[in-house]
Amino acid sequence: MSEHPETRDLLGPYVMGTLEPCEEREVEHHLESCASCREEAQELGLAHERLADLASSTGAPPEDLKVRVLAGILRREASRRVPTWVAMVAAAICVLAVLGAIFTPDLSGGRAMASANLSPTGRAPGAGGEVSMRGTGENIEMRLEAWGLPPCKSEQYYELWLVEGDERVSAGSFTVGQSGRVDITLSAPNFAASYPRVGVTAEYDKDPRASDAKMLWGGLHEL
Amino acid sequence: MDRVDDEVLVQRVASGDERALSELYDRYAGLIYGSGMRYLGDRETAEELVQDVFTSVWKNASGFDSTRASFATWVYRITRNRATDLIRRRKARVRTVDGEPLFEPGETDPSGALSRNFDVAVALSRLTPLHREVLVLAYFHGFSQREISDRTATPLGTVKSRTTAALRALRETMRFDEDRWSADE
């Protein structure tokens, strides 16, 4: 370490380029003849570069992201404490198939491909869910477990989407009753695992356009 | 919450401590989100990266071994892997439709810049509060030395010498971590 305390104390602002011009000239003049101070300035310059790069790489996430992230994680944890048979019975009672068939979970075979944890939006702050994708030969099954969804109103249903940017493909639709829970298995296109995100929207029978009422969303991860 | 090491916080997360998870979020979400914006290019995907990383931290905290890697290294790997996964999925779908070559996994951090940023972030978190304050005000809030002097009611000369001491401490902490974890990579 340098033996010149006055100059040494200025080396930090010097490498940051924040000294007054006269101070900077004095430091530079000193550095011409002092090897120890030059060496220290080099070391401090490295710290300065790393810190400047970190600062330029750090962004401010949206203020509500923390609530959404932590709520999604903790609700998922809480839902795991509910016995599976309770969720399955509730789903069997409350789910009304739009296509006239009843979906029951069937993941007895096939290869696990991808999964997603679903986070809530402002429309359903108490909701959460999981999606798991399994390949069964040429087909892909998507199992959706969700909770905390508002019960469906008249002529309303929910739809599960595969999403990339502005593009989305439907993976199927379902309804939710007073329990707010659903546990169903839907068939998906064979390229479903290539989509990066899944989402659940609230849809209305009388409106043929895809809704923007996003209730749940999450990123798909390969297993 | 008192300033505790990241490794201690992860142990608490493994025990189900939600406050510890919240503290880790406060320390690292900005860096992960900024990295997501840089490497993935859009806000929604960057948010998803943050969600994925902290979900992974929560789920896998019990498996973190502080004797084998620092928390910064661990969360860097999670971030890099999740970002690579998101990029690969995007390119894989293009290939499905157009038959173009796949983007090669592992290119998310070719220069090591992301890894270095995590190392600097953890070194910064280990400084004393006074040292950390002058550096955060200068680098992350863009204040001049004189503005820092006014805001903290500290003589300008003290701010300058404290800034030098803080950079020196940061450099020493980074060097210590480099020596400690040099066998890890």
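Residues numbered from 1 in each chain as written. Chains lettered and ligands numbered in written order. Predicted model: local features only at pLDDT ≥ 70, side-chain atom pairs only at ≥ 80, totals over all residues. Heavy atoms only, no water.

Focus on the overall build of chain A
Check the secondary structure of chain A and you find six helices and nine strands. Counting all 223 residues of chain A, 49% fall into the buried class. The long-range fraction of contacts in chain A, counting pairs at least 24 apart against all pairs at least 6 apart in sequence, stands at 62%. (Helix = DSSP H or I, 4+ residues; strand = E, 2+ residues; numbered from the N terminus. Buried < 20%, exposed > 50% of the residue type's maximum accessible area, 1.4 Å probe, protein only. Contact = heavy atoms within 4.5 Å.)

Regarding the layout of surface pockets
In this structure, the largest pocket spans a volume of roughly 560 Å³. Lining the largest pocket are 22 residues, with Thr58(A), Asp26(B), Arg27(B), Leu124(B) and Phe140(B) sitting closest to its centre. Elements represented by at least two residues in the lining of the largest pocket include exactly helix 2 (18–40), helix 5 (113–125) and helix 6 (129–139) of chain B. Residue contributions to the lining of the largest pocket peak at seven residues, all from helix 2 of chain B. (1 Å grid on protein atoms, 1.4 Å probe; cavity = no way out; pocket = protein on both sides within 12 Å on 5 of 7 lines; lining within 4 Å. Points joined across faces, edges and corners; volume = space filled by probe spheres on them.)

Comments concerning the nonpolar core
As a rule of thumb, nonpolar side chains are buried together in soluble globular proteins. Grouped together as the largest cluster of nonpolar side chains are 70 residues, with contacts concentrated most on Leu51(A), Tyr28(B), Ile32(B), Phe54(B), Phe118(B), Leu135(B) and Leu167(B). The element that contributes the greatest number of residues to this core is helix 2 of chain B, accounting for ten residues. Every residue in contact with Phe54(B), bar those within four places of it in the chain, is listed here: Val69(A), Ile73(A), Leu21(B), Leu24(B), Tyr25(B), Tyr28(B), Ala29(B) and Ile32(B). Leu118(A), Ile140(A), Phe174(A) and Ala193(A) belong to the second largest nonpolar core, which has 33 residues in total. (Core = buried A, V, L, I, M, F, W, Y, C linked by side-chain atoms within 4.5 Å.)

Overview of the packing of helix 1 (residues 6–14) of chain B against helix 2 of chain B
All names here are of chain B. It is the contact of helix 1 with helix 2, at a shortest axis distance of 8 Å, that shows an interaxial angle of 140°. In terms of axis orientation, helix 1 runs oblique to helix 2. Here the hand of the crossing between helix 1 and helix 2 comes out left-handed. Across the interface between the two elements, Asp6, Leu9, Val10, Arg12 and Val13 from helix 1 touch Ala20, Leu21, Glu23, Leu24, Arg27 and Tyr28 from helix 2. For the contact of helix 1 with helix 2, the class distribution of residues is seven nonpolar, no polar and four charged. (Axes fitted to C-alpha atoms, helices over the stretch in contact; angles between N-to-C directions. Parallel < 35°, antiparallel > 145°, perpendicular 65-115°, else oblique. Left-handed = near helix turned anticlockwise from the far one by under 90°. Nonpolar A, V, L, I, M, F, W, Y, C, P; charged D, E, K, R; others polar.)

Brief notes about the environment of Leu149(A)
Residues and elements named next belong to chain A. Note that Leu149 resides in the loop between strand 3 (139–147) and strand 4 (156–164). Sequence separation between Leu149 and Arg123 is 26 residues; the distance between their C-alpha atoms is 9.2 Å. Once residues lying within four places of it in the same chain are set aside, the contact partners of Leu149 are Ala127, Tyr158, Phe174, Val176, Gly180, Met215 and Leu216.

A look at the pairing of strand 8 (residues 214–219) of chain A
All names here are of chain A. Most of strand 8 is tucked away, with five of its six residues classed as buried. Summarising the sheet, strand 1 (residues 111–120) and strand 8 pair through two bridges and their orientation is antiparallel. Within strand 8, the position partnered with Ser119 by the bridge is Trp217. Sheet analysis places strand 7 (residues 197–204) next to strand 8, joined by five bridges and oriented antiparallel. Counted as the bridge partner of Arg197 is Gly219 from strand 8. (Pairing = 2+ DSSP bridges.)

Some points on the pattern of salt bridges
Inspection of the entire model under this criterion finds 15 salt bridges over all chains. A salt bridge links Lys66(A) to Asp26(B); the shortest N-O distance between them is 2.8 Å. With Lys66(A) in helix 5 (residues 65–79) and Asp26(B) in helix 2, the pair connects residues from two separate chains. Overall, the relative accessible area of 22% leaves Lys66(A) in the partly exposed class. Judged by its relative accessible area of 48%, Asp26(B) is partly exposed. One salt-bridge network, held together by shared partners, links Asp64(A), Arg68(A), Arg43(B) and Glu47(B). (Salt bridge = Lys/Arg side-chain N within 4 Å of Asp/Glu carboxyl O.)

Observations concerning the side chain of Thr79(B)
Secondary-structure assignment places Thr79(B) in helix 4 (residues 71–98). Excluding residues within four positions of it along the chain, Thr79(B) makes contact with Ile32(B), Leu49(B), Val53(B), Leu114(B) and Phe118(B).

Describing the interface of chain A and chain B
Chain A puts 58 residues into the contact, and the matching count from chain B is 54 residues. Roughly 5000 Å² is buried in total at the junction of chain A and chain B, and carbon and sulfur atoms are behind 59% of that figure. The interface formed by chain A and chain B holds eight salt bridges in total. For Glu43(A), the salt bridge is made with Arg171(B), and the minimal N-O distance between the two is 2.7 Å. The tally of links between chain A and chain B comes to 16 residue pairs in polar contact (both at pLDDT 80 or more). Per-element accounting of the side of chain A that touches chain B gives the leading share, 14 residues, to helix 4 (residues 35–57) of chain A. For the side of chain A that touches chain B, the residue count by class is 29 nonpolar, 13 polar and 16 charged. (Buried area = accessible area lost by both parts, 1.4 Å probe. Polar contact = N/O pair within 3.5 Å; in protein donor to acceptor, adjacent residues only side chain to side chain.)

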